[in-house]
Amino acid sequence: MRAETRWGYKMMLTWVFLAAAMAAAISIGAACLLQSQRRLEGQSGRTDRPYLGQRKTEEAYLAEEAGNGSEDGMALAKETGNGDEDGMAFEEDLADGAFEESLLYEEEYGLEEWDDTEEYEEPVISVQNVTMIFHISTSNASGLKEYLIQRLKHQVSHRELIALDHVDFDVYQGEVVGIIGTNGSGKSTLLRIVSGALRPTAGRVLVDRRKVQLLTLGTGFDMELSARENVYLNGAMIGYSKAFLDSHYQRIVQFAELEGFMEEKVKNFSSGMVSRLGFAIATAGDAAEILILDEVLSVGDEFFRKKSLKRIQEMIHGGSTVLMVSHGMGTILEHCTKVVWIEKGVLQMVGDAAEVCGAYRGMEADKEKEWSEKLG
Amino acid sequence: MGRNREDRKQYLFALRQMVTRETKRKYARSYLGILWSVLNPLLHMTVMSLVFSTIFKRSIENYPIYLFTGQLFWSLFSEATSQGMSALTDNKSMLLKTKFSGQTFVIARVLTALSNFGYSFAAYVVMLFLFRIRPTVYMLLLPVPLILLLMFSTGVALGLSVFYVFFADIKYLYSVLLQLLMYVSALFYPADRLSEGMQKVLDLNPIYNFILYARDVMLYGVMPEPELWFKIFLWGIAGLGGGYFLFKYNENSVMQKI
């Protein structure tokens with residue numbers, strides 16, 4: 001009897017120890033997470049705390065840390081605990097300079113507060129001084145353990161990637177605006193911000209999000225499901241009702257030219273078939289008031305491309321305001337009334353399609369020349 | 001108002017599509033398909049009964065049912081949370097495309113676990129008949145722990161899904177934690193055999209409380225004590241609230257990271 005209770009006691013200790021270890025691991029994770037979150041949002045203009053206050057906490061933080069250097073576990077707990085409260089240690093360099101001014105901007109969605117007295121026509125999309133900064137960890141900590149170790153050693157550093165740098169333009173009712181720029185210049189980031197999936201680091205976008213429809217292709221299919229199931233799944237996610245999908249199902253299949261393949265699993269499809277299906281689903285609905293097209297026009301074979309172009313044209317002529325990204329200069333020149341050129345996150349030019357495309361081509365030609373010289 | 005209703009309908013439709021998809025995916029290449037949801041817990045129960053019933057026969061009457069009740073609730077929790085954890089990462093591309101916010105994907109995973117619970121429950125009802133468990137009015141209280149456990153699981157899954165975006169390691173850590181939780185849930189052993197201290201540890205385990213409640217109403221046909229009521233309500237509401245808060249608070253950085 002006695003032996004049994006003692007055994008129980010030891011067991012209990014073991015359990016408690018295990019549980020404590022788990023709790024500690026989780027809370028440390030939470031602290032790191034909160035800290036990285038703060039870092040991401042520190043400059044977003046939501047921090048209205050005075051700058052001095054931040055510095056103070058940072059000093060306190062350093063002092064506290066120095067005080068407990070010896071005991072690893074303690075230092076860890078203190079450090080992360082501190083990070084949990086106001087982990088601003090990393091923010092000093094971010095908070096000054098260019099970002100201070102960003103504090104002046106507030107984020108805002110919706111058109112409620114539009115000033116009607118303005119002389120010109122109201123823009124439908126107004127991108128105002130949008131800056132987007134991503135933090136890319138330069139330390140290659142692949143997991144929690146390494147991350148913690150590097151954090152303890154103060155090796156975690158972050159590189160800033162300025163995806164968009166004070167981008168500013170307006171889009172008016174009925175315009176077809178093309179966004180051009182080389183790969184990685186921030187076009188897709190811009191579209192995501194406009195569609196509301198991302199919040200900009202600074203600046204604001206004024207747009208009625210209920211009217212926005214984002215069309216992207218080939219993504220979001222479940223390879224294990226049949227094409228039919230994917231139509232319903234994808235349609236539901238885009239926002240089509242069941243009744244709508246039931247009545248438009250035949251049209252989608254016909255448009256994608258996939259009659260007889262709909263019960264097949266999508267993983268057996270060729271990439272052309274997948275993107276045709278994607279296009280057919282995405283454009284099945286009536287055109288939304290604001291259409292955002294992310295590279296939807298480079299799909300399938302020549303024949304299908306013509307057909308999809310026609311469909312997009314129909315939607316454009318239906319009175320939608322369109323914002324599109326495309327690598328095909330021809331498409332841009334042909335359809336766009338206005339072109340925005342972004343290069344490495346910086347707005348280069350906004351204006352007439354022919355003019356901007358001309359300038360862009362000029363830059364490309366320069367680059368090519370440079371390369372050919374380098375290569376000899 | 002009309003718009004709201006339409007939105008809700010659309011939301012439910014999308015949720016249903018996602019649940020169907022998860023279920024289909026899960027059994028994509030098996031012959032028996034969804035039947036496994038019924039068979040699996042039955043087989044599990046049989047094996048566990050064979051192994052443990054000789055040991056605990058005297059202290060637990062209706063051992064298989066004792067086991068099954070716990071197992072049913074335990075697998076709901078473990079499946080909902082461990083599947084829900086990766087919901088955001090798995091649906092990356094869809095997340096950027098859709099107008100629904102991220103929690104929809106997590107909720108869909110939790111509901112998938114619930115639908116599995118439904119199939120297992122069918123087997124459970126059959127077992128109740130076979131073991132001649134006398135039906136009581138208290139059985140009608142079963143939805144109480146079920147709903148509260150769902151709330152709790154949703155909260156945990158929401159929190160975990162955020163962590164998982166930043167640290168994929170949490171997956172392995174969590175599987176260990178789940179194991180720990182399982183052993184202190186008194187699934188297959190009688191709790192009163194343990195030392196007092198150990199029982200206190202068990203009392204702190206949320207899942208154990210849900211299981212206790214379920215056993216009270218199903219197996220023993222008694223009204224659960226007020227303290228137990230209080231506890232499961234507390235866990236359910238606090239779990240959901242905490243998880244939801246964590247999720248909302250981190251939503252933007254999750255979108256950036258993804």
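For the structure, check the block above.
Asker: Teacher, can you tell me more about the overall build of chain B here?
Answerer: Along chain B, the regular secondary structure elements total eleven helices and zero strands. Starting at the N terminus and ending at the C terminus, chain B contains elements arranged as α-α-α-α-α-α-α-α-α-α-α. Relative to its full complement of 258 residues, chain B shows a buried share of 53%. Within chain B, residue pairs in contact and separated by at least 24 positions form 76% of the contacts whose partners lie at least 6 positions apart. Surface accessibility of chain B: about 12600 Å² in total, with carbon and sulfur atoms responsible for 64%.

Asker: What is the right way to read the side chain of Gln103(B) from this model?
Answerer: Considering the arrangement of structural elements, one finds Gln103(B) in helix H6 (residues 103-130). If sequence neighbours within four positions are ignored, Gln103(B) has contacts with Leu158(B), Tyr244(B), Phe247(B), Lys248(B) and Glu251(B).

Asker: I would appreciate a short explanation of the pattern of salt bridges in the present structure.
Answerer: Where charged atoms from two side chains of opposite charge approach closely, those side chains can pair. Residue and element names in this part refer to chain A. As enumerated under the stated definition, the model contains 15 salt bridges over all chains in all. Taking the shortest distance from any N to any O, the salt bridge between Glu-175 and Lys-338 comes out at 3.6 Å. Placement of Glu-175 in the loop between strand E2 (158-172) and strand E3 (176-180) and of Lys-338 in strand E8 (residues 338-343) is noted, with a sequence separation of 163 residues between them. Residue Glu-175 shares its accessibility class with Lys-338, and that shared class is buried.

Asker: Before we go on, may I ask you to explain H6(B) in this structure?
Answerer: Residue pairs spaced three or four apart in an α-helix point in one direction, given the helix's 3.6 residues per turn. Here H6(B) contains 28 residues, and its C-alpha end-to-end distance of 40 Å stays within 8% of the 40 Å for a straight helix at 1.5 Å per residue. Arg132(B) occupies a position one or two residues after H6(B) and carries a positive phi of about 55 degrees.

Asker: What is the right way to read the nonpolar core from this model?
Answerer: Where a protein is soluble and globular, its nonpolar side chains tend to be buried together. Grouped together as the largest cluster of nonpolar side chains are 164 residues, with contacts concentrated most on Ile125(A), Ile180(A), Leu277(A), Leu323(A) and Phe77(B). A per-element tally of this core places helix H7 (residues 143-166) of chain B first, with 14 residues. Every residue in contact with Leu277(A), bar those within four places of it in the chain, is listed here: Phe221(A), Ala227(A), Val231(A), Ala256(A), Leu258(A) and Met262(A).

Asker: Before we go on, may I ask you to explain helix H9 (residues 242-256) of chain A in this structure?
Answerer: Residue and element names in this part refer to chain A. Taking 1.5 Å of rise per residue, the 15 residues of H9 would be expected to cover 21 Å, and the 20 Å separating its terminal C-alpha atoms lies within 8% of that figure. Of all the bends in H9, the greatest measures close to 55 degrees and is centred on His-248. Those residues of H9 lying buried are Phe-244, Leu-245, His-248, Tyr-249, Ile-252, Val-253, Phe-255 and Ala-256. Count one or two residues on from H9 and you reach Glu-257, which has phi positive near 55 degrees.

Asker: What am I meant to see in the packing of aromatic side chains here?
Answerer: Each pair of aromatic rings is reported with the distance of its centres and the angle of its planes. Within the structure shown, the criterion is met by 22 aromatic pairs over all chains. Plain terms: the ring middles of Tyr213(B) and Trp229(B) are 5.3 Å apart, the flat faces sit at 80 degrees to each other, and that makes the pair edge-to-face. Residue Tyr213(B) is located in helix H10 (residues 206-220), and its partner Trp229(B) is located in helix H11 (residues 226-257); the two are separated by 16 residues in the primary sequence. Of the residues examined, Tyr213(B) reaches a relative accessible area of 0% and is grouped as buried. Note on Trp229(B): relative accessible area 22%, which makes it partly exposed. Seen from the ring of Phe304(A), Arg276(A) lies directly overhead, with NZ or CZ sitting 6.0 Å from the centre. Stacked on the ring of Phe255(A), the Lys or Arg Lys307(A) has its end atom at 4.8 Å from the ring centre.

Here is what the cut-offs are and how they apply
- Residues numbered from 1 in each chain as written.
- Chains lettered and ligands numbered in written order.
- Predicted model: local features only at pLDDT ≥ 70, side-chain atom pairs only at ≥ 80, totals over all residues.
- Heavy atoms only, no water.
- Helix = DSSP H or I, 4+ residues; strand = E, 2+ residues; numbered from the N terminus.
- Buried < 20%, exposed > 50% of the residue type's maximum accessible area, 1.4 Å probe, protein only.
- Contact = heavy atoms within 4.5 Å.
- Areas by Shrake-Rupley, 256 points an atom, 1.4 Å probe, with all protein chains shown as cover.
- Salt bridge = Lys/Arg side-chain N within 4 Å of Asp/Glu carboxyl O.
- Expected span 1.5 Å × (residues − 1).
- Core = buried A, V, L, I, M, F, W, Y, C linked by side-chain atoms within 4.5 Å.
- Bend = angle between axes of the 7 residues up to and from the residue.
- Phe/Tyr/Trp six-rings, centres within 6.5 Å; stacked < 30°, edge-to-face > 60°.
- Lys NZ or Arg CZ within 6 Å of the ring centre and 35° of its normal.

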